[in-house]
Amino acid sequence: MKLEEHQQTWVELEKASDEIKILKDELYGENLVINEKAHRAHIFEEIVGSSEPLKRVLTQVEKVAPTDSTVLILGETGTGKELVSRAIHKRSHRSQRAFIRVNCAAIPQSLINSELFGHEKGAFTGATQRRLGRFEAADGGTLFLDEVGELPMETQIVLLRILQEREFERVGGNQTISVNVRLIAATNRDLTAAAAAGTFRRDLFYRLNVFPVVLPPLRDRTDDIPLLVEYLIDRYGKKTGKWFSSIKKTTLEVFQAYDWPGNIRELQNVVERAAILCEGDIFSIDETWLKREIPQGSGPAVPLVMTIADREREIIEAALAKSGGRIAGPKGAAAKLGIPRQTLDSKIASLSIDKRRFQTLTRYTQLLRASSFVPSGTDKAP
């Protein structure tokens, strides 16, 4: 009798287990629906505004997100390039997989290849074990390369191969690894000018520039400033435990009159500081925060000097690229520019130009030509 009771109990437990599995599956399905609805409602929750320039960007995001196309996000510092990249990922079929962000400017050049592509044990001093890179971590998902214009030339070569063939090797390894990654890149640099100067590969630029999205600076979206300020006041008010009933009229006028060279990031900082310092329930700022002091009699000298320096750097880098990093001699950069070598050396030092990378560029061009990456008849790297 006891055996029959045990058998009956076992049957009931199996039925209960099956019912639990069914309920779990139903609950999972319901959660997916709920998550999808929330996802659609809040896809642009941190991209605030209704101005025409912003609407054009969001329309582009909606169109490109469902595809697997490579996206190049261009715009000044602080315009929200990472937010747009996350919005693209959330709208894609990869949204349930990883979104990996890499700031290419924040990683030392000696470590960038290991960080992106991983390394094998013993590949270099300190490599005590195998490490997977960001590309492998993002397999099936999206990899966001911020400040892609700062990548060194040798990394650009490997990145080009991944975009072309979807495969690479870890540093110090010889095993080919295939990945399925959607790449989104961003930069505040002019990559066209960098390609012309020889500091960024033309073929890589063309591969990245499949679907460019240009983010407008905040000074071109002044209609969005009231909405942005309201959103940020609510965010930082909650963080500081304060509630603001209104915004001082003169504060809003100052916000809309200012040109915001730091864009939304600068606006965030100003609102956060004001939220901390405000004592009443009316939000206001110290107007002197947004007034830039110009030395008397200097006029536009400061921006003009900056423009000249930038132009000098561009010209010198182009000459170094053509001369393979050589300074002296009939084929050197000094001869091409028509200035004494000592003058060019002084300019290179004052502008902090690394002439060695142009020598590296020439060596890589030769290596690539030997391995058929560069078509025959090409005299210099793109």
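Coordinates for the structure precede this section.
Throughout, residues of each chain are indexed from 1 in the direction in which the sequence is written. The model is predicted, so local features are restricted to residues of pLDDT at least 70 and side-chain atom pairs to those at 80 or more, both for listing and for counting; the totals for chains, interfaces and linings are taken over all residues. Hydrogen atoms and water are omitted, and side-chain values are computed over all heavy atoms in the structure.

Peer 1: Sorry, what's going on with the environment of W243 here?
Peer 2: Position of W243 among the secondary structure elements: in the loop between α9 (225-240) and β8 (246-247). Partly exposed residues are those whose accessible area sits between 20% and 50% of the maximum for their type, while under 20% is buried and over 50% is exposed, using a 1.4 Å probe and protein chains only. Accessibility expressed as a relative area gives 63% for W243, which makes it exposed. On a C-alpha basis, the gap between W243 and F283 in space is 9.2 Å, while along the polypeptide they are 40 residues apart. Here a helix means four or more residues in a row that DSSP labels H or I, a strand means two or more in a row labelled E, and each is numbered from the N terminus.

Peer 1: Got a minute to help me understand the sheet that holds strand β3 (residues 142-146) in this structure?
Peer 2: Sheet strands pair via backbone hydrogen bonds, and the direction of the pair is either parallel or antiparallel. The parallel open sheet is built from five strands, whose spatial order is β2-β3-β6-β1-β7. What marks the edges here is a single partner per strand, and that holds for β2 (99-103) and β7 (211-214). Across the sheet, the mean angle from the axis of one strand to that of its neighbour is 20°, orientation sign disregarded. Strands are labelled as partners when DSSP assigns at least two bridges between them. Pairing analysis gives four bridges linking strand β1 (residues 71-74) to strand β6 (residues 182-187), with the strands arranged parallel. Among the inter-strand pairings, I73 is bridged to a residue of β6, identified as A186. Contacts between helix α2 (residues 52-64) and the sheet are confined to β1, β6 and β7, with β7 contributing the most and set at about 155° to the helix. Contacts between helix α3 (residues 81-90) and the sheet are confined to β1, β2, β3 and β6, with β1 contributing the most and set at about 155° to the helix. Axis definition: a line fitted to C-alpha atoms, limited for helices to the stretch in contact. Angles are taken between N-to-C directions and run from 0 to 180 degrees. When checking whether two residues touch, look at their non-hydrogen atoms; a contact exists if any pair is within 4.5 Å.

Peer 1: So what exactly am I meant to see when it comes to the side chain of R94 here?
Peer 2: You can see R94 is positioned in the loop between α3 and β2. We define a polar contact as two N or O atoms separated by no more than 3.5 Å, with the added condition that, inside protein, one atom must be a possible hydrogen donor and the other a possible acceptor, whereas residues neighbouring each other in sequence contribute only through side-chain atom pairs. At 2.9 Å, the side chain of R94 and the side chain of D68 are in polar contact. A polar contact is formed between the side chain of R94 and the backbone oxygen of G141, at a distance of 3.2 Å. Excluding anything up to four places from it in sequence, R94 contacts D68, H89, G140, G141, T142, N180, V181 and R182.

Peer 1: Where do I start with helix α11 (residues 263-277) in this structure?
Peer 2: Owing to its 3.6 residues per turn, the α-helix aligns residues three or four sequence positions apart on the same side. For a helix, the expected span equals 1.5 Å multiplied by the residue count minus one. For α11, with 15 residues, the first-to-last C-alpha span of 22 Å sits near the 21 Å given by 1.5 Å per residue. Residues of α11 that are buried: N263, I264, E266, L267, V270, V271, A274 and A275. Contact partners of the buried residues in α11: α9, α10 (249-257) and β9 (282-283).

Peer 1: Could you clarify how one ought to interpret the pattern of salt bridges in this entry?
Peer 2: Close approach of charged atoms lets side chains of opposite charge pair. Any Lys or Arg side-chain nitrogen found within 4 Å of a carboxyl oxygen on Asp or Glu counts as a salt bridge. Scanning all chains against the criterion turns up 18 salt bridges. One salt bridge connects E76 with R219, and the closest N-O pair in it is separated by 2.4 Å. In this pair, E76 sits in the loop between β1 and α3 while R219 sits in the loop between β7 and α9, placing the two residues 143 residues apart along the sequence. By relative accessible area, which is 28% here, E76 ends up partly exposed. In this structure, the salt-bridge partner of D234 is K238, at a minimum N-O distance of 3.4 Å. Placement of the pair is D234 and K238 together in helix α9, with a separation of four residues, close to one helical turn. Residue D234 is classed as partly exposed on the basis of its relative accessible area of 41%.

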